[in-house]
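Analysis of the macromolecular model
Chain by chain, the residues run as shown.
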Amino acid sequence: MTPPRLLAAALLSLGLAGCIPARTPPQLAFTPGPPAVVTDRTYANLWFALRYPAGWRVVTGAADAPPSVVFVAPDDASTVTIQVGELDTAGLDDPAFRYAVRRLALAGGLTLTAVVRAPAAAWDAFLPQADALLASIQAR
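Sequence order as written defines the numbering, with residues in each chain counted from 1. At least 70 in pLDDT is required for a residue's local features to be given in this predicted model, at least 80 for side-chain atom pairs to be given and counted, and no such filter applies to totals for whole chains, interfaces and linings, which use all residues. Computation of side-chain values: all heavy atoms of the structure, hydrogens and water removed.

Remarks on the overall build of the chain
- What counts as a helix is a DSSP run of H or I of at least four residues, what counts as a strand is a run of E of at least two, and both are numbered from the N terminus. When you go through the chain residue by residue, the secondary structure sums to two helices and nine strands.
- When the helices and strands of the chain are placed in sequence order, the string is α-β-β-β-β-β-β-β-β-α-β.
- Note on classification: 1.4 Å probe, protein chains only; a residue is buried when its accessible area is under 20% of the maximum for its type, exposed when over 50%, partly exposed between these limits. Each of the 140 residues in the chain was classed as buried or not, and the buried ones make up 28%.
- Residues count as neighbours in contact if any of their non-hydrogen atoms are within 4.5 Å of one another. The contacts in the chain between residues at least 6 apart in sequence include a share of 45% that link residues at least 24 apart.
- Surface accessibility follows the Shrake-Rupley procedure with a 1.4 Å probe radius. Residue values consider only the protein chains on display as shielding. Accessible surface, the chain as shown: approximately 8,900 Å² in total, 61% of it carbon and sulfur.

So this is what it looks like as structure tokens:
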């Protein structure tokens, strides 16, 4: 093919490509979740704020789920999960772990559910840290 014909074919291909209807990829159909601010020791969202221990990881909830956050201790097994409203506790009955469910009523009628979960062998050491985290929660 000669260069002018090659150029014409390329331009024709580009022109026809514009005729294909655009589709939004599925991952762009989800709206972003509510904003959260995470620092090295504090977490805040639209509903509540708290302090968490140094060295813990913060995992925010999915955008299409009720507002929630999980705080993961350095052992990567002990967690504190907090959700606005009710939290599903199905599947927590693992004999190697202990857990406690706490309902927290904050100012303005806000109700949170917290699940404290840790390996049975680490429960006594973990519970005071989890209690301190939960005691620091304040409504926004």
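There is more to say, and it comes next.
Overview of the pairing of strand β2 (residues 42-45)
- Each pair of strands is called paired provided DSSP finds at least two bridges between the two strands. Note: strand β1 (residues 36-38) against β2, three bridges, orientation antiparallel. Looking across to β2, one finds that V38 is bridged to Y43.
- Once β1 ends, the chain turns through three residues before running back antiparallel as β2.
- Strand direction decides the pairing type here: β2 and strand β3 (residues 48-51), joined by three bridges, are antiparallel. Within β3, the residue paired with T42 across the bridge is R51.
- The antiparallel pairing of β2 with β3 creates a hairpin that spans two residues between the two strands.

Remarks on the pairing of strand β8 (residues 111-119)
- β8 sits mainly inside the fold: seven of its nine residues count as buried.
- Across six bridges, strand β6 (residues 79-84) lies against β8 in antiparallel orientation. Bridge pairing in β8 places V80 opposite V116.
- In this structure, strand β7 (residues 97-105) lies alongside β8, joined through nine bridges in antiparallel fashion. Across the sheet, the residue bridging to Y99 is R117, located in β8.

Focus: helix α2 (residues 123-135)
- In this scheme, a helix's expected span is set at 1.5 Å multiplied by one less than its residue total. Taking 1.5 Å as the rise per residue, α2 with 13 residues should run 18 Å; its terminal C-alpha atoms sit 18 Å apart, in good agreement.
- Here α2 has its buried residues at W123, F126, A130, L133 and L134. Along the axis of α2, the buried positions cluster into a sector of 90°, meaning they face one direction only. Exposed residues lying more than 90 degrees from the buried face of α2 are D124, A125, P128 and A135. Taken from the helix axis, the directions to the C-beta atoms give the arc we talk about.

Details of the environment of G33
- Residue placement: G33 occurs in the loop between α1 (3-17) and β1.
- Sequence separation between G33 and P67 is 34 residues, and the spatial gap between their C-alpha atoms is 7.9 Å.

Section: the side chain of Q83
- Locating Q83 in the fold gives a position in strand β6.
- For this analysis, a polar contact is any N or O atom pair within 3.5 Å, provided that within protein one partner can donate a hydrogen and the other can accept it, and provided that sequence-adjacent residues contribute only side-chain to side-chain pairs. For Q83, the side chain forms a polar contact with the main-chain oxygen of E86, separated by 2.6 Å.
- Sequence-distant contacts of Q83, that is, excluding residues within four places in its chain, are made with P66, P67, S68, T111, L112 and T113.

These figures capture arrangement, not role.
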